[in-house]
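Understanding the architecture of this molecule
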Amino acid sequence: MLSQHSILQVENIATCFRTQEGIVHAVNGISFELKKGELLGVVGESGAGKSVTMMSLLKLLPMPPAEIVSGKATFDGEDLLKLDLEKLRKIRGGKIGFIFQDPMTSLNPVLTIGYQLTEPMREHLGLSRKNARIRAIELLDLVGIPMAKSRMNDFPHQFSGGMRQRVMIAIALACDPQILIADEPTTALDVTIQAQILEIVKRLREELGMAIIWITHDLGVVAGIADRVAVMYGGYIVEEAPVNELYAKPKHPYTQDLLKTLPNLEGKRAERLESIKGQPPSLYQVPRSCPFAPRCNRVLERCKHENPVLTSRNNNHNVACWWNPDSGNDS
Amino acid sequence: MTKSANKTLLKVDGLVKHFPITHGIFRREVGSVKAVDGITFDIKERETLGLVGESGCGKSTAARVILQLLQATAGKVYFKEHELTSISKEDLRKQRPQMQMIFQDPQDSLNPRMTVGSIISEPLFEHQQLKGKERRERVEHLLHSVGLNHNVTNRYPHEFSGGQRQRIGIARALALSPDFIICDEPIAALDVSIQAQVINLLEDLQEKFGLTYLFISHDLSMIRHIADRVAVMYLGRIVELAPSQVLYSKPLHPYTKALLSAVPIHDPVLERKRKHTVLVGDVPSPANPPSGCHFSTRCPIAEENCFKVSPEWRKVSPDHSVACHLV
């Protein structure tokens with residue numbers, strides 16, 4: 001099953017949160033594969049389960065209330081979900097790097113940038129204080145922080161938002177990860193700063209060739225950088241395809257509608273925006289039907305009592321939907 | 001569109017807002033944050049003026065000064081026949097019902113301890129002394145016009161989703177039948193699939209009640225959709241103002257150009273072919289803006305003169321204004 005170029009294979013991962021109000025079914029059985037050097041874009045609205053999926057892989061969720069119900073994540077010949085904490089710590093920040101959404105809250109405000117950068121290298125790579133410092137300065141240079149050497153002893157509050165996100169990227173890259181998981185890394189930033197960060201990521205991919213999982217809700221960002229895109233809704237991957245294919249021929253009604261709701265920056269201005277009626281699904285209910293069924297305008301009787309599974313339609317294009325876009329009927 | 005022939009509803013002339021920076025126990029003033037540094041524009045009746053810019057450029061402060069929620073440091077705001085910065089408090093209060101605001105985060109702008117009914121009816125009682133059945137009917141009518149069920153009046157904001165909460169905020173803004181509404185990032189906190197719903201609602205309401213909007217956003221593609229004219233702000237100043245289709249197809253100011261090229265478009269084929277102008281560095285601090293043109297430190301085409309002399313705000317065509325030496 002594990003193909004040669006695959007670096008991470010996730011099978012049927014499911015995570016829920018046991019809260020006082022009931023069980024939140026955040027992720028309901030997700031499978032995907034990440035190839036070497038590939039950039040996988042994961043798009044979806046808030047509550048779709050994007051972050052929870054990725055955090056489950058490294059058990060970064062508070063447990064309890066979170067609970068990984070099932071699943072398997074094969075990385076480097078081992079199942080990440082079965083590893084003990086000691087081994088997992090070696091992977092977190094080492095072979096798998098993480099960039100979080102908010103650079104304001106994910107850096108420690110009372111430690112210098114230099115300390116936060118050198119710590120993982122000394123921990124994972126066993127570098128000496130001096131060598132780690134040299135490498136840290138190189139990394140800051142790499143992500144485009146001017147006068148890197150003199151900024152090593154600065155604290156996070158002395159950096160702007162964009163600069164802090166660059167520091168976060170530098171930390172994530174510190175130990176030469178094989179996989180970089182970026183969770184909405186540009187969402188908190190302005191467009192001109194976002195453009196700077198995207199340039200850096202494109203350049204780093206060419207230079208370092210690592211695999212990246214890029215979580216975002218911005219379909220525009222993904223269009224520019226991803227090789228393959230997975231669309232998530234209500235705790236499921238509903239569609240997955242190579243980037244050009246997905247934007248040109250979306251097959252799931254949710255993806256189709258979502259692309260139509262976005263206003264254009266060029267071309268003709270629409271008289272009126274298309275909108276998707278209704279609200280995202282409540283995650284308290286046990287998912288037994290298609291999560292998009294209540295909002296779907298192509299809904300079939302079958303959708304209301306049977307959950308579609310992600311199946312391959314043609315060359316790498318996977319869709320979880322009973323409706324067939326070609327015939328308009330049950331597929 | 002014939003909106004350009006309409007009467008001017010709001011005119012902002014050289015509006016300035018500086019926040020003092022104080023130091024020491026005597027609160028000695030040592031400097032000021034120049035949040036809004038002299039902006040001039042007007043809005044016609046039934047028009048939507050889009051105001052775009054990055055965070056910290058003074059968009060929201062400008063909105064608050066226009067509505068007199070903050071006192072202007074200098075400049076004038078003309079609303080209909082009144083000049084708002086100098087009229088008495090009582091006169092200003094009489095004008096308030098006609099100008100309303102919709103806030104960014106519906107979570108923070110609705111009182112969690114008030115029911116939806118009392119949130120929407122509070123302005124009705126304050127300004128129009130509506131009571132009893134009349135007030136109830138008006139609230140139900142308002143809820144209906146924003147697409148909510150009238151039986152939600154006894155529920156609390158936390159029982160609603162983000163999009164529904166924003167509808168409650170819109171109903172409150174509409175309560176006193178205003179002419180002018182400032183929408184301060186009304187969709188920034190909403191999910192993509194909900195944004196279009198709220199934008200369509202705002203457009204329907206504009207049509208139905210003849211509203212005039214000042215629409216503040218950092219989302220350039222949404223501004224393009226909703227606005228008739230667009231003003232681009234950078235570090236407290238407006239750098240370019242033009243009709244929407246002109247600004248997006250033929251931007252003149254280097255900042256507008258860079259801003260437009262930085263927005264990723266949702267088409268992988270086009271997006272990878274586009275030329276991106278990536279600006280270097282960050283937005284300077286408004287407490288210490290660069291001399292001359294505020295954009296000079298990041299401008300890709302800046303010349304010597306730009307660092308010394310502030311460019312004047314001038315018209316390049318009857319409805320297209322720009323502040324740049326090199327245009």
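Residues numbered from 1 in each chain as written. Chains lettered and ligands numbered in written order. Predicted model: local features only at pLDDT ≥ 70, side-chain atom pairs only at ≥ 80, totals over all residues. Heavy atoms only, no water.

The helix and strand tally for chain B stands at 11 helices and 12 strands. Compactness check: chain B gives a C-alpha radius of gyration of 21 Å against a globular reference of 20 Å for 327 residues, within 12% of the reference. C-alpha extents for chain B along the principal axes are approximately 70 × 60 × 45 Å. Contacts in chain B between residues far apart in sequence, at least 24 positions, make up 64% of those at least 6 positions apart. Accessible area for chain B stands at about 14,900 Å²; split by element, carbon and sulfur atoms hold 50% of it. If the 41 positive side-chain charges of chain B are averaged to one point and the 36 negative ones to another, these points end up 1 Å apart. (Helix = DSSP H or I, 4+ residues; strand = E, 2+ residues; numbered from the N terminus. Rg over C-alpha atoms; globule rule 2.2 N^0.38 Å. Contact = heavy atoms within 4.5 Å. Areas by Shrake-Rupley, 256 points an atom, 1.4 Å probe, with all protein chains shown as cover. Lys, Arg positive; Asp, Glu negative; His and termini not counted. Charge placed at Lys NZ, Arg CZ, Asp CG, Glu CD.)

All names here are of chain A. Split by domain assignment, chain A resolves into domain 1 (34–52 + 77–95 + 178–262 + 275–331) and domain 2 (104–174). Placing the centre of domain 1 and that of domain 2 at their C-alpha centroids yields a distance of 30 Å. With 17 residues of domain 1 in contact, the opposing surface of domain 2 contributes 11 residues. Only helix H2 (85–91) and helix H7 (191–208) provide two or more residues apiece to the side of domain 1 that touches domain 2. At eight residues, the largest contribution of residues to the side of domain 1 that touches domain 2 is made by H7. Taken together, the residues that form the side of domain 1 that touches domain 2 break down as nine nonpolar, three polar and five charged. (Domains from an automatic or database assignment. Nonpolar A, V, L, I, M, F, W, Y, C, P; charged D, E, K, R; others polar.)

According to the stated counting rule, one finds eight aromatic pairs over all chains in the structure shown. A centroid spacing of 5.1 Å and a plane angle of 65° characterise the contact between B:Tyr255 and B:Phe295, whose relative ring orientation is edge-to-face. Here B:Tyr255 is found in helix H10 (residues 254–262), whereas its partner B:Phe295 is found in the loop between helix H11 (268–273) and strand S11 (314–317), with 40 residues between them in sequence. Under the relative-accessibility criterion, B:Phe295 is labelled buried at 1%. Here a set of aromatic residues connected by ring pairs shows up, and it is made of A:Tyr233, A:Tyr254 and A:Phe292. A cation sits over an aromatic face here: A:Arg151 above A:Phe159, 4.0 Å from the ring centre. The ring of A:Trp323 is capped by A:Arg298, whose NZ or CZ atom sits 5.1 Å from the centre of that ring. (Phe/Tyr/Trp six-rings, centres within 6.5 Å; stacked < 30°, edge-to-face > 60°. Buried < 20%, exposed > 50% of the residue type's maximum accessible area, 1.4 Å probe, protein only. Lys NZ or Arg CZ within 6 Å of the ring centre and 35° of its normal.)

It is worth spelling out the packing of helix H4 (residues 116–128) of chain B against helix H6 (residues 162–174) of chain B at this point. Angle between the axes and distance between the axes: these two values describe a pair of packed helices. All names here are of chain B. At a minimum axis distance of 8 Å, the contact between H4 and H6 shows a crossing angle of 25°. The angle between the axes of H4 and H6 places the two elements in the roughly parallel class. In this structure, H4 crosses over H6, and the sense of that crossing is right-handed. Between H4 and H6, the residues in contact are Val116, Ile119, Ile120 and Pro123 and Ile168, Ala171 and Arg172, respectively. When the residues that make up the contact of H4 with H6 are grouped by side-chain class, the tally is six nonpolar, no polar and one charged. (Axes fitted to C-alpha atoms, helices over the stretch in contact; angles between N-to-C directions. Parallel < 35°, antiparallel > 145°, perpendicular 65-115°, else oblique. Left-handed = near helix turned anticlockwise from the far one by under 90°.)

Turning next to the sheet that holds strand S12 (residues 317–319) of chain A. Residue and element names in this part refer to chain A. Ordered by their spatial adjacency, eight strands build an open sheet running S6-S7-S8-S3-S9-S10-S12-S11, and the pairing between neighbours is mixed. A strand with exactly one partner marks an edge of an open sheet, and here the two such strands are strand S6 (96–99) and strand S11 (311–314). Between one strand axis and the next, the sheet turns by 20° as a mean value, whatever way the strands run. Two strands pair when backbone bridges link them, and S11 and S12 are joined in this way by three bridges, in the antiparallel orientation. Across the sheet, residue Ser312 finds its bridge partner in S12, namely Asn318. Against the sheet, helix H1 (residues 50–57) engages strand S3 (39–43), S6, strand S7 (179–183), strand S8 (211–216) and strand S9 (228–233), with an angle of about 145° to S8. Seen against the sheet, helix H6 (residues 161–173) touches S6 and S7 and runs at an angle of roughly 170° to S6. (Pairing = 2+ DSSP bridges.)

Moving on, we come to the side chain of B:Ser217. Residue and element names in this part refer to chain B. For Ser217, the location among the structural elements is in strand S8 (residues 212–217). Using a relative accessible area of 2% as the deciding quantity, one classes Ser217 as buried. A polar contact is formed between the side chain of Ser217 and the backbone nitrogen of Asp219, at a distance of 2.9 Å. (Polar contact = N/O pair within 3.5 Å; in protein donor to acceptor, adjacent residues only side chain to side chain.)

Reports often express the size of an interface as the amount of accessible area lost when the parts come together. On the chain B side, the residues contacting the 48 residues of chain A number 42 residues. The junction of chain A with chain B conceals about 3,900 Å² of combined surface from both sides, 54% of it contributed by carbon and sulfur atoms. It is A:Thr192, A:Leu265 and A:Arg269 that lose the most area in chain A upon contact with chain B, and together they represent 20% of the buried surface on that side. At the boundary of chain A and chain B, one finds one salt bridge. Ionic pairing is found between B:Asp204 and A:Arg272, a salt bridge with its closest N-O pair at 2.8 Å. Our count for the contact surface shared by chain A and chain B stands at 16 residue pairs in polar contact (both at pLDDT 80 or more). Elements that contribute at least two residues to the side of chain A that touches chain B include exactly H7, helix H8 (219–225), helix H9 (243–248) and helix H10 (253–261) of chain A. (Buried area = accessible area lost by both parts, 1.4 Å probe. Salt bridge = Lys/Arg side-chain N within 4 Å of Asp/Glu carboxyl O.)

Attention shifts here to the sheet that holds strand S5 (residues 82–83) of chain B. All names here are of chain B. Reading across from one edge, S2-S1-S4-S5 is the order of the four strands in this open sheet, with antiparallel pairing throughout. Either end of the sheet is taken by a strand with one partner, and the two such strands are strand S2 (28–44) and S5. Direction of pairing for strand S1 (residues 8–23) relative to strand S4 (residues 74–79): antiparallel, over a ladder of five bridges. In the sheet register, Val16 faces S4, and the bridge partner there is Ala74. Lying on the sheet, helix H1 (residues 59–66) is in contact with S1, S2 and S4; it crosses S1 at an angle near 115°.

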